[in-house]
Amino acid sequence: MSIFTHVVLGTNDLDKAQGFYDAALGALGYSRQGAFGANGMMYGATGPEFIVTKPGNGAPATHANGGTLGFAASDRAAVRAFHEAALANGGTDEGAPGPRAFTPTAYAAYVRDPDGNKLCAYSFTDE
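### Quick notes on the nonpolar core
And step 1. Tyr21, Leu25, Leu28, Phe50, Phe71 and Leu119 are the most contacted members of the largest nonpolar core, which totals 25 residues.
And step 2. Among the elements of the structure, α1 (14-26), β3 (40-44), β4 (50-53), β5 (69-72), α2 (76-88), β7 (107-112) and β8 (118-123) are those that each provide at least two residues to this core.
And step 3. In terms of residue count, α1 provides more of this core than any other element does, six residues in total.
And step 4. With near-sequence residues (within four places) excluded, Leu119 lies in contact with Leu9, Phe20, Tyr21, Thr68, Leu69, Phe71, Phe82, Ala109, Tyr110, Val111 and Asp113.
And step 5. Among the nonpolar cores identified, the runner-up in size contains five residues, and Ala106, Ala108, Tyr110 and Cys120 belong to it.

Below is the structure:
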């Protein structure tokens, strides 16, 4: 069982965020699960686990310094597809797909979404 019920990131441009997350998370096999009120979208594998929304207090969305949100990838090809889709849809590179030294099978890619939130996709398969 996961320790999270869901994760939320803020956006200042819902349309841009929707295009980015539809593509980047779609590359990992996750899909849009529907609207989150009038100002957000929900994503997940079989239900809403990740939400992108304009902040409820009306203030601009900001990103955390040192914060990263990691998504599970089924294999290394999915990590590469995530990175490619993210960059093609307004994301910026924060670490090209490749092995990560902290475990023998760790393979990841890092990006920032259009609002500056840092994301990664990880696979722990040998491929």
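### Side note on the packing of α1 against α2
And step 1. Their axes nearest at 7 Å, the elements α1 and α2 cross at an angle of 165°. Of the possible angle classes, the one that applies to α1 and α2 is roughly antiparallel. At the point where α1 passes α2, the crossing takes the right-handed sense. Two secondary-structure elements touch here, α1 through Phe20, Ala23 and Ala24 and α2 through Phe82, Ala85 and Ala86.
And step 2. Grouping the constituent residues of the contact of α1 with α2 by class yields six nonpolar, no polar and no charged.

### Focus on the pattern of salt bridges
And step 1. If you walk through the whole model with that rule in mind, you get two salt bridges.
And step 2. A salt bridge links Arg32 to Asp22; the nearest nitrogen and oxygen atoms lie 2.6 Å apart. Taken together, the residues Arg32 in strand β2 (residues 31-35) and Asp22 in helix α1 connect sequence positions 10 residues apart.
And step 3. Note on Arg32: relative accessible area 38%, which makes it partly exposed.

### Some points on the packing of aromatic side chains
And step 1. Inspection of the entire model under this criterion finds nine aromatic pairs.
And step 2. An aromatic cluster is built from Phe20, Tyr21, Tyr43, Phe50 and Phe71, whose rings are joined through pairwise contacts.

### Some details on α1
And step 1. Taking 1.5 Å of rise per residue, 13 residues should cover 18 Å, and α1 covers 17 Å from first to last C-alpha, within 8% of that figure.
And step 2. Burial in α1 covers these residues: Leu14, Ala17, Phe20, Tyr21, Ala24 and Leu25. The arc that holds every buried residue of α1, seen down its axis, measures 125°, which confines them to one face.
And step 3. Here α1 starts with a cap whose side-chain oxygen sits 3.3 Å from the backbone nitrogen of Asp15, and that cap is Asp13.

### Side note on the sheet that holds β8
And step 1. Spatial ordering of the open sheet is given by β5-β8-β7-β6, a layout of four strands whose pairing is mixed. With one partner strand each, in any of the chains shown, β5 and β6 (92-99) form the two edges of the open sheet. Direction aside, neighbouring strands of the sheet carry axes that sit 15° apart on average.
And step 2. Note that β5 and β8 share four bridges and pair parallel. Of the residues in β8, the one forming a bridge with Gly70 is Cys120.
And step 3. Contacts between α2 and the sheet are confined to β6, β7 and β8, with β7 contributing the most and set at about 15° to the helix.

Criteria and thresholds
- Residues numbered from 1 in each chain as written.
- Predicted model: local features only at pLDDT ≥ 70, side-chain atom pairs only at ≥ 80, totals over all residues.
- Heavy atoms only, no water.
- Core = buried A, V, L, I, M, F, W, Y, C linked by side-chain atoms within 4.5 Å.
- Buried < 20%, exposed > 50% of the residue type's maximum accessible area, 1.4 Å probe, protein only.
- Helix = DSSP H or I, 4+ residues; strand = E, 2+ residues; numbered from the N terminus.
- Contact = heavy atoms within 4.5 Å.
- Axes fitted to C-alpha atoms, helices over the stretch in contact; angles between N-to-C directions.
- Parallel < 35°, antiparallel > 145°, perpendicular 65-115°, else oblique.
- Left-handed = near helix turned anticlockwise from the far one by under 90°.
- Nonpolar A, V, L, I, M, F, W, Y, C, P; charged D, E, K, R; others polar.
- Salt bridge = Lys/Arg side-chain N within 4 Å of Asp/Glu carboxyl O.
- Phe/Tyr/Trp six-rings, centres within 6.5 Å; stacked < 30°, edge-to-face > 60°.
- Expected span 1.5 Å × (residues − 1).
- Arc of directions from axis to C-beta.
- Polar contact = N/O pair within 3.5 Å; in protein donor to acceptor, adjacent residues only side chain to side chain.
- Pairing = 2+ DSSP bridges.

Honestly, that's just the spatial picture; any functional story needs more than this.
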